[in-house]
Amino acid sequence: MPLLWAIRDIVGLTGTKYGCGVSQCGACSILIDGEVVRSCSLPVSYGIGKQITTIEGKTDNLEYLREAWEEINVPQCGYCQSGQLIAAASLLNTNPNPSDQDIDDAMSGNICRCGTYPRIRKAIHKAVKLKNK
Amino acid sequence: MESIQNMSRRNFVKVFGLASGGLIIGCQFSSEKDIVRIDDGTTFAPNLFVQLKKDGKLILVCSRSEMGQGIRTSLTSAIADEMEADWNYVSVEQATGDKKFGNQNTDGSRSVRTILEPMRKMGATAKALLIAAAAKKWQVAETDCKAEMHYVINKNNDKKIFFGDLVEDAMKIDVPTNISLKDKKDFNYIGKTLGSVDIKDFTHGSATYGLDARLPNMKFAVIARCPSTFGTVKSFDKTATLKIAGVENVIELERVKKPFGMLGGVAVIASNTWSAIQGRNNLDIHWDKGSNGQYDSKKYMQKITNRVHNNAKVAPPTKGNVNAAFSKASQIVEATYQLPHLAHAPMETPNALAWVHDGKCEVWAPLQDPQTARADAAAYLGIEMKDVTINVTFLGGGFGRKSKPDFVIEAIALSKKINAPVQVVWTREDDIQHSYYHTTNAQYLKASLDKSGDVTGWLHRTAFPSINSTFMPGANYAAGWEIGQGMNNNPFDIPNTRYENAKAEPFVRIGWLRSVCAIFHSFGINSFIDELADKAKKDPLQFKLNLIGKDRIREEESPHPLNTKRLKNVLNIAAKNAKWGRELPEGHGLGIAFYYSFYSYVATVVEVSVINDKLKLHHIWTVLDCGMVLNKDNVLNQMEGASVFGSSIALYGKITAKDGAIEQSNFHDYKMTRMNEIPPIDVTLVESDEAPTGVGEPGVPPVAPAIANAIFNATGKRYRSLPLSDHGLV
C-alpha cells in the first residue's frame with residue numbers, strides 16, 4: 001500500500017491529499033527526513049525507520065510558510081495547499097533564500113487548479129523574510 | 001436607502017430556548033433576481049443566518065458552497081458589516097442542503113450578485129433589534145443609539161452595552177418594520193479585503209473536504225464504469241478482485257436514467273481506498289459499449305465543421321441583410337475555429353460519503369448544488385426529503401463538476417446495499433474519463449469590410465452538443481441561453497448580422513464548466529476580430545473599440561443591461577496597463593481580448609514570446625468591472641486564478657474520444673499549466689457603485705484568445721484551434 005493511503009485511511013490523518021495517484025500533481029507531498037516525496041507512489045515500507053512529517057506537523061520552516069501563506073491569503077479552494085506548503089518547506093530546508101527560478105524549479109511539480117501560483121511564489125519569498133527578521 | 005417592510009415576527013425571529021444560550025435570527029426574503037434552475041422556487045422559506053451568543057460570539061451561516069471563491073468569508077462579512085459586528089467574534093457555519101436557506105446552487109457566478117442584498121438585510125435587521133433592546137433599557141429613543149464594533153452606544157452620554165449582553169432583551173423585542181442599509185462610506189468590511197475565515201484550516205490540513213469525511217466502520221468504494229458513455233455491463237468476473245486483501249464486496253450498479261443519475265458499473269467495496277482501487281484493477285468486465293461506443297471526436301469535429309460551413313438554423317435576432325452586405329464588400333474575411341472537449345479536473349476528485357439507515361440518509365460530500373443532491377437522493381431511495389441530510393464539506397475545486405451529484409447517488413446506492421457507511425472515491429482516471437464534459441465546438445465566422453475598414457456584415461455560425469442534451473435526450477441544437485453567452489448578443493455595432501446554429505448530437509454527458517459557452521465563443525469572436533483588424537490594417541485595440549461603437553446601454557437586458565462604455569473602459573485600462581503599442585523585444589507579441597459574461601466586463605492583454613517555435617507567457621494584465629466589490633482580495637484572487645485556468649485551456653486543454661472511450665486519463669496527458677509557465681499577473685478592478693455582478697467565471701473567456709492574438713502579433717501565425725500544444729508551441 002502506498003504511504004498516502006496508509007496515512008489517510010489507516011492512520012487517519014487526512015491533511016495529505018489524493019490528487020492523481022501517479023506523482024503528477026504533488027497534492028500528496030510529505031516530508032521524509034526533511035525532503036519532499038510523493039506519498040502516493042511510495043510503499044509504506046519506504047517510511048520504516050524514517051522521520052515522516054505531514055501537513056499536520058510542525059517545523060520551523062512550515063511555521064514561517066504558514067504565516068506567509070496566511071498574510072498573503074494564498075489559498076483558494078485550499079485542497080492542493082498541503083502539498084504546496086510541504087514542497088515549499090522542503091525547498092527552504094535546502095535553499096534558505098531561493099530565487100524565482102529556484103521556486104519555479106522546486107514547485108512546478110505541484111498543480112494548483114485554482115491558479116494560486118503567483119501568490120505561492122510571493123509567499124515563499126515572504127516566509128524567507130519572516131525567518132530572517 | 002432601502003427598507004424592509006411588513007416583516008412579521010413569526011417569520012423573522014425565532015428563539016431557541018436557553019439551551020442554545022443565544023439569539024437566533026432568521027429572515028424571509030424573496031429572490032426575484034435569482035436565476036432559478038429546475039425545482040428551485042422563487043419564494044424563500046424562513047431562514048436562519050444569524051446566531052448571537054451571550055458571550056458575544058456570532059455564528060453566521062453561509063448558504064453557498066466554498067470551492068475557493070471565498071464565499072464563506074465574503075457573504076458573512078456583509079451580514080457582519082450591516083450588523084456593526086466585530087469580525088473577531090464571527091465564526092461561520094456551513095448550511096446543510098435545505099430550501100429554507102434559499103437557493104444554494106453555487107454556480108453561474110451568481111452568489112454575490114443575487115444574495116448580497118438579502119445578507120445585508122439580515123445583518124441590518126439584527127442590528128436594529130439590538131439597538132431597540134438597548135434603547136428600551138436606557139429609556140431613550142432608538143435614534144439616540146448607534147451600533148459600533150459589537151456594542152450599542154448611547155449617543156447622548158457615550159454609554160455602551162456589549163452585543164452579548166443584549167441577547168436576552170433583544171429576544172423580547174418586536175422586529176422593527178423599517179430597516180435601513182448602510183451607505184457605502186460607512187462600510188467596515190464590504191469592499192475591503194478580509195482574509196479567509198478558513199485560512200488556518202487550509203494551512204494546517206484541517207479543512208474537511210469530501211474525501212476527508214470519516215465515520216466509524218465506513219467502507220471505501222471504487223467503481224468501474226463503462227469506457228463509453230451509458231454502456232452497460234455484459235458480464236464480469238470478480239475472482240481476482242476478492243483475493244485482494246481488504247476487499248470485502250463486489251456489487252453491480254444499474255445506471256439511473258436521470259440528468260445526474262449514476263452511470264452504473266461494478267463497485268468494489270473495501271476497508272480502505274487502496275484496496276478498492278486494486279480490487280477494481282483486477283476485475284474482468286465485458287462491456288456492452290452501447291450507442292455511444294463509436295464516438296470518435298476527431299471525426300466528429302470534421303462533421304460539425306462541415307455543418308458550420310453550410311447554412312444552419314437561424315438564431316435570432318437577425319439584423320439587416322448580411323448577404324447584401326457581403327456582395328457590396330470591399331473585403332470578405334472568413335475563418336473557422338475549433339475547440340475540443342474539456343474536463344473540469346478539480347484537484348479533489350468527485351466523491352461522497354453516504355450512510356443509509358433506518359429509513360434515513362445522511363451524506364457528506366463536496367457539492368455545488370446540495371438541494372439537487374437532496375432531492376435526487378430522496379427520489380432514489382423513495383423517502384421524503386426531510387429524511388435526507390446533505391452536509392456540504394469544503395470543495396477541493398468545483399468548476400461546475402460538483403453541481404452534478406451523480407457520485408452521491410452511487411454512494412447512497414452502495415450504502416443501502418451493504419448497510420454501512422460508504423465513501424465512493426473517484427480516482428483521477430475516473431474524473432477525466434467519466435465527466436460531464438465541457439462541449440466541443442466548431443464556429444464559422446464571415447464578415448465584410450468596407451473601403452474604410454469598417455465591418456458592414458457579420459455572419460456567425462456555431463455548432464456544439466448542448467448542455468440541454470443532458471436534461472433532454474435528443475436535444476441536438478443549442479439552448480437559447482448557450483447562444484446568448486455572447487454569440488447572438490455580441491456587443492458590436494454592426495448594421496447587418498446573422499447568427500446560425502448547426503445540429504450537434506452528443507456522444508458523452510455534456511455539462512457546464514467555468515464560463516461555459518463563453519470559452520469558445522470568446523475564442524472565436526476575439527480571434528476573428530483580430531483577424532479583421534489585420535485585414536483592415538488597423539490597430540487591434542482601436543479596431544475593437546470602434547466595433548463596439550458609441551456608448552449605449554441595452555436596456556432590454558434588465559436587471560444588468562450591457563453598457564458598452566464599461567466594456568470600452570476595461571479595454572482601455574488593460575491596454576494602458578500593458579503599455580499597448582510599445583516597442584517589443586524580438587520574438588515578443590501583445591494580444592488583447594475582452595468579453596462580457598455573467599454581467600461583468602473583462603479585458604485581458606497577454607505578452608508572449610515565440611522563439612524557436614516555443615511559446616512563453618511573459619505577462620498577463622487583466623481588468624474587471626463587476627460593479628460593487630464585496631471582498632477585494634477574493635476578487636483579485638479569482639481573476640488571477642481565471643488567468644491560470646484560461647492559460648490551461650489555451651495551452652493544454654483537450655479531451656478526445658476514440659471508440660467511445662476518452663483517450664486521456666490523468667495529469668500527464670490532460671495537462672494543466674504549472675508554476676514555471678505562469679508569468680506575473682496584474683489585476684485591476686474598476687471602482688464602481690453599480691450592482692455586483694459575476695466574478696468566478698468572467699475572467700476565463702478572454703485569456704485564450706488574448707494568447708492566440710499575441711502569438712499572431714509576435715509571429716504572424718494565426719492559430720484557429722486549441723490547445724496550442726497541438727501546434728507544437730508548448
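Since the structure is predicted, the reported quantities are computational estimates derived from the model, not experimental observations. Position numbers for residues start from 1 in each chain and track the written sequence from start to end. The naming scheme follows written order: chains are lettered A onward, ligands numbered 1 onward. Only residues with pLDDT of 70 or above have their local features reported here, since the model is predicted, and side-chain atom pairs are shown and tallied only from 80 upward, although totals for entire chains, interfaces and linings are computed over all residues.

**A word on the overall build of chain A**
Argument step 1. Here a helix means four or more residues in a row that DSSP labels H or I, a strand means two or more in a row labelled E, and each is numbered from the N terminus. Looking only at helices and strands, one finds five helices and three strands in chain A.
Argument step 2. In chain A, the succession of helices and strands from N to C terminus is α-β-β-β-α-α-α-α.
Argument step 3. Computation of the radius of gyration draws on C-alpha atoms, with the globule rule given as 2.2 Å multiplied by the number of residues to the power 0.38. Its C-alpha atoms give chain A a radius of gyration of 14 Å, within 12% of the compact-globule value 14 Å for 133 residues.
Argument step 4. Once the C-alpha set of chain A is aligned to its principal axes, its extents read approximately 40 × 30 × 25 Å.
Argument step 5. To sort residues by burial, count the other C-beta atoms lying within 10 Å of each one's C-beta; a count of 20 or more means buried, 12 or fewer means exposed, and anything in between means partly exposed. C-beta atoms are built from the backbone. Across the 133 residues that make up chain A, the buried fraction comes to 58%.

**Some remarks on the interface of chain B and chain A**
Argument step 1. If you look at the interface, chain B gives 47 residues, while chain A gives 44 residues.
Argument step 2. For the side of chain B that touches chain A, the secondary structure elements donating two or more residues are α5 (199-204), α7 (273-281) and α18 (632-651) of chain B.
Argument step 3. Throughout, the ten residues Ala, Val, Leu, Ile, Met, Phe, Trp, Tyr, Cys and Pro are labelled nonpolar, Asp, Glu, Lys and Arg are labelled charged, and all others, Gly among them, are labelled polar. Classifying every residue of the side of chain B that touches chain A gives 21 nonpolar, 18 polar and eight charged. Residues are defined as contacting one another if the C-beta atoms placed from their backbone atoms lie within 7 Å.

**Quick word on the environment of R64(B)**
All names here are of chain B.
Argument step 1. Inspection of the secondary structure assignment puts R64 in the loop between β4 (58-62) and α2 (71-83).
Argument step 2. Judged by C-beta crowding, with 27 C-beta atoms within 10 Å, R64 ranks as buried.
Argument step 3. Placed 171 residues apart in sequence, R64 and S235 show a C-alpha to C-alpha distance of 42 Å.

**Considering the pairing of strand β6 (residues 145-148) of chain B**
All names here are of chain B.
Argument step 1. By the alternation rule, side chains of β6 split into C145 and A147, which are all buried, and K146 and E148, of which none is buried.
Argument step 2. When DSSP finds at least two bridges between two strands, those strands are taken to pair. Strand direction decides the pairing type here: β6 and strand β7 (residues 151-154), joined by four bridges, are antiparallel. Bridged to C145 within β7 is N154.
Argument step 3. As consecutive antiparallel partners, β6 and β7 are separated by two residues, and within that stretch M149 has a phi angle of approximately 45°, a positive value.

**Describing the domain arrangement of chain A**
All names here are of chain A.
Argument step 1. Its domain assignment divides chain A into domain 1 (3-53) and domain 2 (60-132).
Argument step 2. Where a domain begins and ends is set by an automatic assignment or by a domain database. Computed over C-alpha atoms, the centres of domain 1 and domain 2 are 19 Å apart.
Argument step 3. Taken together, the contacts link 14 residues of domain 1 with 12 residues of domain 2.
Argument step 4. For the side of domain 1 that touches domain 2, the secondary structure elements donating two or more residues are β1 (29-32) and β2 (35-38).
Argument step 5. Per-element accounting of the side of domain 1 that touches domain 2 gives the leading share, three residues, to β1.
Argument step 6. Partitioned by chemical class, the residues of the side of domain 1 that touches domain 2 number six nonpolar, six polar and two charged.

**Side note on the sheet that holds strand β3 (residues 52-53) of chain A**
Residue and element names in this part refer to chain A.
Argument step 1. The strand order β2-β1-β3 describes an open sheet built from three strands, whose pairing is antiparallel. On the outer flanks of this sheet lie β2 and β3, each paired with one strand and no other.
Argument step 2. Judged from the four bridges that link them, β1 and β2 form a sheet pairing that is antiparallel. Counted as the bridge partner of L31 is V36 from β2.
Argument step 3. Convention adopted: a line fitted to C-alpha atoms gives each axis, helices being fitted over their contacting stretch, and angles between N-to-C directions are expressed from 0 to 180 degrees. Packing against the sheet, helix α3 (residues 81-94) makes contact with β1 and β2, and its axis sits at approximately 35° to β1.

**Remarks on the environment of V250(B)**
All names here are of chain B.
Argument step 1. Note on placement: V250 falls in strand β11 (residues 247-253).
Argument step 2. Assessed through the 21 C-beta atoms surrounding it within 10 Å, V250 is described here as buried.
Argument step 3. Expressed as a C-alpha distance, the spacing of V250 and A270, which sit 20 residues apart in the sequence, is 9.0 Å.

**Let's talk about the domain arrangement of chain B**
All names here are of chain B.
Argument step 1. Along its sequence, chain B is carved into domain 1 (9-196), domain 2 (210-291 + 350-425) and domain 3 (297-343 + 437-727).
Argument step 2. Contacts between the two partners involve 14 residues from domain 1 and, on the opposite side, 19 residues from domain 2.
Argument step 3. Of the residues in the side of domain 1 that touches domain 2, the class split is two nonpolar, eight polar and four charged.

**Section: the packing of α2(B) against helix α3 (residues 111-138) of chain B**
Residues and elements named next belong to chain B.
Argument step 1. Running from amino to carboxyl end, α2 crosses α3 at an angle of 35°, the nearest separation of the two axes being 6 Å. Once α2 is placed against α3, the crossing between them reads as right-handed. Taking contact as the criterion, the partners of I71, S74, L75, A78, I79, A80, D81, E82 and M83 in α2 are, on α3, S111, V112, I115, L116, M119, R120, M122, G123, A124, A126 and K127.
Argument step 2. Class assignment for the residues of the contact of α2 with α3 results in 13 nonpolar, three polar and four charged. In a left-handed crossing the near helix is turned counterclockwise from the far helix by less than a right angle, and in a right-handed crossing that turn is clockwise.

**Some remarks on the pairing of strand β16 (residues 351-357) of chain B**
All names here are of chain B.
Argument step 1. Most of β16 sits inside the fold, with six of its seven residues counted as buried.
Argument step 2. Bridge count between β16 and strand β19 (residues 422-425): four bridges; the pairing is antiparallel. Its bridge partner being in β19, A352 is matched across the sheet by V424.
Argument step 3. Here β16 runs beside strand β17 (residues 360-365); their pairing, made up of five bridges, is antiparallel. If you follow L353 over to β17, its bridge partner there is W364.
Argument step 4. Taking the residues that link successive antiparallel strands as the turn, the β16-β17 hairpin has two residues, and the phi of D358 there is positive, at about 55°.

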